[in-house]
Structure formats: structure tokens, C-alpha cells
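# Descriptive structure summary
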Amino acid sequence: QVQLVESGGGLVQSGGSLRLSCAASGTAIVLSPMGWYRQAPGKQRELVASIESDDSINYADSVKGRFTISRGNARNTVYLQMNALKREDTAVYYCNANNIYGRTYWGQGTQVTVSS
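Below: a short report on this structure. Values in this document were obtained by computation on a predicted structure and should not be read as measured data.

## Some remarks on the pattern of salt bridges
- Evaluated as defined, the whole model comprises four salt bridges.
- Close ionic contact of Asp 89 with Arg 38 constitutes a salt bridge, the shortest N to O distance being 2.9 Å. Pair noted here: Asp 89 is in the loop between strand E8 (77-82) and strand E9 (91-98) and Arg 38 is in strand E4 (residues 34-39), with a separation of 51 residues, a long-range link. Across this residue pair, the class does not change: Asp 89 and Arg 38 are buried.
- Where Asp 89 meets Arg 66, a salt bridge forms, and the shortest distance between an N and an O atom there is 2.7 Å. Of this pair, Asp 89 sits in the loop between E8 and E9 while Arg 66 sits in the loop between strand E6 (57-59) and strand E7 (67-71), placing them 23 residues apart in sequence.
- Relative accessible area serves as the criterion here: at 0%, Asp 89 is assigned to the buried category.

## Some details on the nonpolar core
- Core analysis: the largest hydrophobic core is formed by 29 residues, its most contacted members being Trp 36, Leu 80, Met 82 and Tyr 93.
- Looking at this core, the elements with two or more residues in it are strand E3 (18-25), E4, strand E5 (46-51), E7, E8, E9 and strand E11 (110-115).
- Aside from chain neighbours lying at most four places away, what touches Leu 80 is Leu 18, Arg 19, Leu 20, Trp 36, Val 48, Ala 49, Phe 67, Thr 68, Ile 69 and Tyr 93.

## Quick word on unusual backbone geometry
- A cis geometry characterises the amide bond from Ser 32 onward to Pro 33, with omega recorded as 0°.
- Mapped onto the secondary structure, Pro 33 falls in the loop between E3 and E4.
- Backbone geometry at Asp 55 places phi at a positive 70°, although glycine is not the residue there.
- Position of Asp 55 among the secondary structure elements: in the loop between E5 and E6.
- Residue Asp 55 is classed as partly exposed on the basis of its relative accessible area of 47%.
- Backbone geometry places Ala 84, a non-glycine residue, at a positive phi of 50°.
- Within the secondary structure layout, Ala 84 lies in the loop between E8 and E9.
- Judged by relative accessible area, which is 38%, Ala 84 ranks as partly exposed.

## Observations regarding the layout of surface pockets
- Here the largest pocket is characterised by a volume of approximately 190 Å³.
- What lines the largest pocket is a set of 13 residues, and nearest its centre among them are Arg 38, Ala 40, Lys 43, Glu 46 and Glu 88.

Each value, and the rule that gives it
- Residues numbered from 1 in each chain as written.
- Predicted model: local features only at pLDDT ≥ 70, side-chain atom pairs only at ≥ 80, totals over all residues.
- Heavy atoms only, no water.
- Salt bridge = Lys/Arg side-chain N within 4 Å of Asp/Glu carboxyl O.
- Helix = DSSP H or I, 4+ residues; strand = E, 2+ residues; numbered from the N terminus.
- Buried < 20%, exposed > 50% of the residue type's maximum accessible area, 1.4 Å probe, protein only.
- Core = buried A, V, L, I, M, F, W, Y, C linked by side-chain atoms within 4.5 Å.
- Contact = heavy atoms within 4.5 Å.
- 1 Å grid on protein atoms, 1.4 Å probe; cavity = no way out; pocket = protein on both sides within 12 Å on 5 of 7 lines; lining within 4 Å.
- Points joined across faces, edges and corners; volume = space filled by probe spheres on them.

Next comes the structure, spelled out in C-alpha cells:
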């Protein structure tokens, strides 16, 4: 059973930074793409950033230049460095991973709250 465990959320002031981490367990298969989604209250879940096994990256326009996604040295780990945070970045952030058979996995979510 594949599990994604996230950490690193919290409360930060506008303009501050946070780093989210996600580690997958329960599989020896390389998961790709891995990425981060977020869901704010009353809104649909949206893609924040994703990274493929060849390190190609996709960012939402709203976070370009502020957020950086990267893979860890350990297999099936991914990070999201979030700088210059804005109030509108407040949301629950979910780690996402996909295997070569088309199966999608989700983490439990971690709250990010940006205060003014």
C-alpha cells in the first residue's frame, strides 16, 4: 500500500517562506510525476507544481517565480519551497504521486495559512 506523508505546513506572515516535504512509502517503483495541489475553502483543488522523473517541471502561473519544486535524493520524495507567500496561498496542500500503471495517490494534506 503506497502512502504519502507530508510535513512542513503551518502559519506564516505574508512575505514569509515555508518548505513542504512529501515522502512515499510502500513501493519500489519510481513515482512520476510527483507534485503538489492545493485547495482553499470553497474552491476546487488545483495544481501548484509537478515534477517528472526527468526533472521536467510545471508550475501554476500564480506561483511562478515564488515556489520551487524539487525531488529529494531519496526515491519518491518531493519538496516544495514556497517564498514570498501571499494570503491567497492559504490552503490545504496535498502531495500527489502517480505510478506507471496510471494509479494516483494522495497525501492527507497539510494546512498552510498566510496571515497579513
